[in-house]
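The primary structure of each chain is shown beneath.
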Amino acid sequence: MATSDFRQAVSATDSTSLGWQANASEKAQSTLSSKGGYWIILDILTVVISAAIAIVYKFNTSPVAEVKGFWQGTLIHGRSMSVLLALLCGFTFALIMTSRRYHLYTPIRLTSHLHEQRLSVQACLYSGLLLAGTLYLIHAQDISRGVVLITVGLVTITLSLRRIIYRMLIYRRFERGEGTRNVLIVGTGPEAHALRHHLESLRHLGYTFKGFIDFPGPNSFSDSGSRFAASSGDVVGTLDTLFENTRQHFVDEIFFTTACERGIVQEVLQQARTHGVDLRVVPDMYDGLAWNSPIEYIGQFPTIPLHCGHVPETGLLLKRAMDMVLASLTLLILSPVLLLIAIAVKLDSNGPVFYSSERIGKKGRVFRCIKFRTMVRDAEKRRADVMHMNERDGVLFKIADDPRITRLGRFLRRYSLDELPQFLNVLRGEMSIVGPRPPLASEVQKYKLSHLRRLDVMPGITGLWQVQARQDPSFDNYISLDVTYVDNWSIWLDVKILLRTIGVVLAGTGS
């Protein structure tokens, strides 16, 4: 949907629209306050218990003279404990304020697991530094630094573990279909289908797709994906019956993915207020380039950063250094495994050990990507015979039970062992360890102009799409995730993808 149309409708002086905004804001604040209040209480209890454990441990392991000095006090005679308690209250207050600033009391679907852990540790350390700095400035020499360090350490570990356990419990509920939010998607174009695949593939977001709402927009039923939605029964109604369907399917949120006029948006806002249904808009002005990107406000005008002209030279240098070190270590440590795989490939079927194919790299550069051979020798000649079995949409081609794959090849693909030789491509500067998948020339020929954005960076062995939506057949989601990686790249993002790759490989989800 055009963002400007939606924002104009929301900012209009129409009383019903403003009333809906107020109610929605109050509802969101109420939900946040309820959840945040519980977390704040738990944070306070965590600090109190951690401090008590630290004091007991320190006193049981400290000389009698040191304990006596603490109780008598040198800063304010006889009030050392009072000073410590006051400082711990300040530490608790700083922890709560920092956690609120980092949005650690928001619903977990709004932040990733690793991002939440990083912010939790950062909030604890920041508050701990404030506590230590205060002790130094007031010269509180009689208060044990050991108590402070143990308290901050216990709080950091406890809060991190608590958030991990909470996420695990919530994710299990979501997997069972409990506690999820039912959604309807207005629109039947490629943006709508990409959103649907995104919500269904990432179950931890806690959304349950209930159907499409047909809207006579520019993308309505103009592509094969939309016709499939209509024929399969995924379209549950039209805009005229939108709120009948929200009641019938117990819908919590509505997502707009198609452009519509200002008056229509105002009418939907008014009815959303009446029915108590949340409303979200997915900007699609740039044909997928803005999906998953944050919205930044210039004053009150929303903008989507599609491209940043700054080149992070230092970051790219660190990325290349990390690629060289990790690729060298991997090839060195796994050299016996590589040798065994090479022998097994040779014994398993006729043909060469390695398979190389021309791929398109950064800025359209052509290079030969190396892999262990996992298919029969004449696989390329038999490609036309299995084209009808393709399980991916758009320009992608993938068959889970491809008859051309050898017995050993299935095992190698399952655990991504066939891609180990690509570390040689990394050493040669043709690939990176983390980046978008290197496409075939035949795929690039079918790209739209906007899809070429993914070729602005070095292709990688693993990437955001591989760890987040590897089995997702949607080409739109595939492009969206790659462009998201390009627009939001950082060394920290690469590290997170590498850590998630380990779990994906060990889970054997390759095909």
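You'll find the structure just up there.
This text gives an overview of the structure that appears in the document.

What counts, and where the lines are drawn
Residues numbered from 1 in each chain as written. Predicted model: local features only at pLDDT ≥ 70, side-chain atom pairs only at ≥ 80, totals over all residues. Heavy atoms only, no water. Patch = residues over 30% accessible without salt bridge, like charges linked within 9 Å, V, L, I, M, F, W, Y side chains within 5 Å. Areas by Shrake-Rupley, 256 points an atom, 1.4 Å probe, with all protein chains shown as cover. Salt bridge = Lys/Arg side-chain N within 4 Å of Asp/Glu carboxyl O. Helix = DSSP H or I, 4+ residues; strand = E, 2+ residues; numbered from the N terminus. Pairing = 2+ DSSP bridges. Axes fitted to C-alpha atoms, helices over the stretch in contact; angles between N-to-C directions. Contact = heavy atoms within 4.5 Å. Buried < 20%, exposed > 50% of the residue type's maximum accessible area, 1.4 Å probe, protein only. Parallel < 35°, antiparallel > 145°, perpendicular 65-115°, else oblique. Left-handed = near helix turned anticlockwise from the far one by under 90°. Expected span 1.5 Å × (residues − 1). Core = buried A, V, L, I, M, F, W, Y, C linked by side-chain atoms within 4.5 Å.

**Quick look at a nonpolar patch on the surface**
Working step 1: A cluster of nonpolar side chains, namely I41, L42, I44, L45, V48, I49 and I53, defines an oily patch on the protein surface of about 610 Å² accessible area.
Working step 2: Counting through the fold element by element, L45 comes out in helix 2 (residues 15–61).

**A closer look at the sheet that holds strand 1 (residues 181–186)**
Pairing between the strands of a sheet is mediated by backbone hydrogen bonds and can be parallel or antiparallel.
Working step 1: A sheet is described by the order of its strands in space; here five strands give the open sequence 3-2-1-4-5, paired in parallel fashion. The two strands at the open ends of the sheet, each matched to only one other strand, are strand 3 (235–238) and strand 5 (278–281). Averaged over all adjacent pairs, the angle separating strand axes in this sheet is 30°, with direction ignored.
Working step 2: Note: strand 1 against strand 4 (residues 253–256), four bridges, orientation parallel. Bridged to V183 within strand 4 is E253.
Working step 3: Its contacts with the sheet place helix 7 (residues 190–201) against strand 1, strand 2 (207–214) and strand 4, and it is angled at close to 165° to strand 2.

**Some words on the pattern of salt bridges**
Working step 1: Scanning the model with the defined rule gives 13 salt bridges in all.
Working step 2: Where E200 meets R196, a salt bridge forms, and the shortest distance between an N and an O atom there is 3.1 Å. In this pair, E200 and R196 both sit in helix 7, four residues apart, roughly one turn of the helix.
Working step 3: Residue E200 is classed as partly exposed on the basis of its relative accessible area of 33%.
Working step 4: Under the relative-accessibility criterion, R196 is labelled buried at 15%.
Working step 5: Two residues, D494 and K319, come together in a salt bridge whose shortest N-O distance is 2.6 Å. Taken together, the positions of D494 in helix 19 (residues 491–506) and K319 in helix 11 (residues 313–333) put the pair 175 residues apart, joining distant regions of the chain.

**Remarks on the packing of helix 5 (residues 113–137) against helix 6 (residues 145–175)**
Working step 1: Running from N to C, helix 5 and helix 6 cross one another at 160°; their axes reach a closest spacing of 10 Å. Accordingly, the angle class assigned to the pair helix 5 and helix 6 is roughly antiparallel. The crossing of helix 5 and helix 6 is right-handed. Contacts between helix 5 and helix 6 involve H113, E116, Q117, S120, V121, C124, G128, L131 and L135 from the former and R145, V148, V152, V155, T156, L159, S160, R163, I164 and R167 from the latter.

**A short note on helix 7**
Working step 1: Here helix 7 spans 16 Å end to end across twelve residues, near enough to the 16 Å set by a 1.5 Å rise per residue.
Working step 2: The complete set of buried residues in helix 7 reads E191, A192, H193, A194, L195, R196, H198 and L199.

**Focus: the nonpolar core**
Working step 1: Residues F372, F423, Y485 and I497 are the most contacted members of the largest nonpolar core, which totals 37 residues.
Working step 2: Not counting chain neighbours up to four residues away, the residues in contact with I497 comprise V434, T462, G463, L464, V467 and Y485.

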